[in-house]
Amino acid sequence: MRATTLQITDVDEARAILKRHFYALDVEVLRPAPGWAARFAVGGTDTVTLGDLEFGVDVRIRAGELGAYHVNLPLTGAMHWHQGRDEPQQALAGKTAAVYQPVGDTVVDQWDGDCRLLAVKIGRAELETQLEAMLDRPVRGPIDLGPMLDVSSGPGASWARLVRLVTGDAVHPDGLTAHPVIGARMREALVTGLLLATDHRHRGSLDRHTPALAAPGAIRRVVEAMRAQPGRPFTVADLAGIAGVGARALQQSFARYVGMPPMTYLRQLRLALVHDGLRAADPGETTVAQVAYRYGFTHLGRFAAAYRERYAISPSETLRK
């Protein structure tokens, strides 16, 4: 999804934009104000959509069933809402975020005109599959996340900081969130963080869960996959799927059998391949960036620092030798 930032002064246009990126909505202006303007900045993917939204005028919104998990995190002001037959709730900047389920008619009773919020839409399959990977067992959804998330302290505050970071990048046209490697890891962190920050019936199982170690053969499959496609944008969830275990089991199994986390092993593998590639390359026809990108390094500054730490020489010096 291409990042977009728009100034809107028409309710029908605002409705169309929100439908395109989030849901079909009915929008009602509660107290018309002359010269009002909405600002919508949206980015992300079909599975995790992120928005920095402000209406600039008090509105009421009816959305029906969302079909996805969703969080509204106010940065300023407040919004009042309810879902299904639940009691009305308030999400307040710096205090609480609103958490919506895939099922149940959703109504924002009042979105204050001075309320700027970050919207996080997570596909139902995306969140439930991630929970299954974390628990190492099937999950019958929906997960029934608690409707309110305390973002003033603890895990909720940590998750809110992560949302601000990732959303700020996702709505920027040149953000790294759009990169297949970095973006996948950012989105995975958001989904995992939400599961660890909110209340739900599986939370105790997550906190107590001690996964069984993967068999050595499963770890060999993961290593072989990395070596076969070192430039592929693997995430921990991808590698866990190859091993046939959950993410935590993969992490612990790699630590036992390989002596390091899987993503550390992948980074070391990529560094070695870049090193060999630079030594064999013609400096007149090849650049460091070309070789680094080929093996999945997207941030050249961090790549160069890691390369120098491992080989005590810069990548450009290796290329010139």
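I will try to describe carefully the structure that is included in this document. (Residues numbered from 1 in each chain as written. Predicted model: local features only at pLDDT ≥ 70, side-chain atom pairs only at ≥ 80, totals over all residues. Heavy atoms only, no water.)

With respect to the overall build of the protein
Reasoning step 1: Within the protein, the regular secondary structure consists of twelve helices and twelve strands.
Reasoning step 2: Considering only C-alpha atoms, the protein reaches an extent of 70 × 50 × 30 Å along its principal axes.
Reasoning step 3: When burial is assessed residue by residue, the protein has 50% of its 321 residues classed as buried.
Reasoning step 4: Of the contacts formed within the protein by residues at least 6 apart in sequence, a portion of 71% connects residues at least 24 apart.
Reasoning step 5: Counting only carbon and sulfur atoms, one obtains 50% of the accessible surface of the protein, whose full area is about 15200 Å².
Reasoning step 6: Looking at the protein, you have 37 positive and 34 negative side-chain charges, and the mean spots of the two groups are 9 Å apart. (Helix = DSSP H or I, 4+ residues; strand = E, 2+ residues; numbered from the N terminus. Buried < 20%, exposed > 50% of the residue type's maximum accessible area, 1.4 Å probe, protein only. Contact = heavy atoms within 4.5 Å. Areas by Shrake-Rupley, 256 points an atom, 1.4 Å probe, with all protein chains shown as cover. Lys, Arg positive; Asp, Glu negative; His and termini not counted. Charge placed at Lys NZ, Arg CZ, Asp CG, Glu CD.)

Here we look at unusual backbone geometry
Most of the time, phi is negative for any residue but glycine, and the peptide bond is trans.
Reasoning step 1: Residues other than glycine seldom take positive phi values, yet Asp144 does so here, at roughly 60°.
Reasoning step 2: Counting through the fold element by element, Asp144 comes out in the loop between helix H2 (124–135) and strand E12 (148–150).
Reasoning step 3: The exposure class of Asp144 is partly exposed, given its relative accessible area of 45%.
Reasoning step 4: Positive phi outside glycine occurs at Ala312, with the angle close to 60°.
Reasoning step 5: Note on Ala312: relative accessible area 68%, which makes it exposed.

Observations concerning the nonpolar core
Reasoning step 1: The biggest cluster of nonpolar side chains holds 31 residues, and the ones touching the most others in it are Phe40, Leu53, Phe55, Ile61 and Trp111.
Reasoning step 2: By residue number, the principal contributor to this core is helix H1 (residues 11–21), which donates four residues.
Reasoning step 3: In this structure, Ile61 is in contact with Leu25, Asp26, Val27, Phe55, Thr106, Val107, Val108 and Trp111, ignoring residues within four places of it in sequence. (Core = buried A, V, L, I, M, F, W, Y, C linked by side-chain atoms within 4.5 Å.)

Some points on empty space enclosed by the protein
Reasoning step 1: Counted according to the given criterion, the structure contains one cavity of 30 Å³ or more.
Reasoning step 2: When its volume is computed, the largest cavity comes out at roughly 210 Å³.
Reasoning step 3: Around the largest cavity, the lining is made up of 17 residues, and of these Tyr23, Leu25, His70, Asn72 and Val108 lie nearest the centre.
Reasoning step 4: For the lining of the largest cavity, the elements supplying multiple residues, two or more each, are strand E5 (59–64), strand E6 (68–74), strand E10 (106–111) and strand E11 (116–123).
Reasoning step 5: When residues of the lining of the largest cavity are assigned to their parent elements, the largest contribution, three residues, is made by E10. (1 Å grid on protein atoms, 1.4 Å probe; cavity = no way out; pocket = protein on both sides within 12 Å on 5 of 7 lines; lining within 4 Å. Points joined across faces, edges and corners; volume = space filled by probe spheres on them.)

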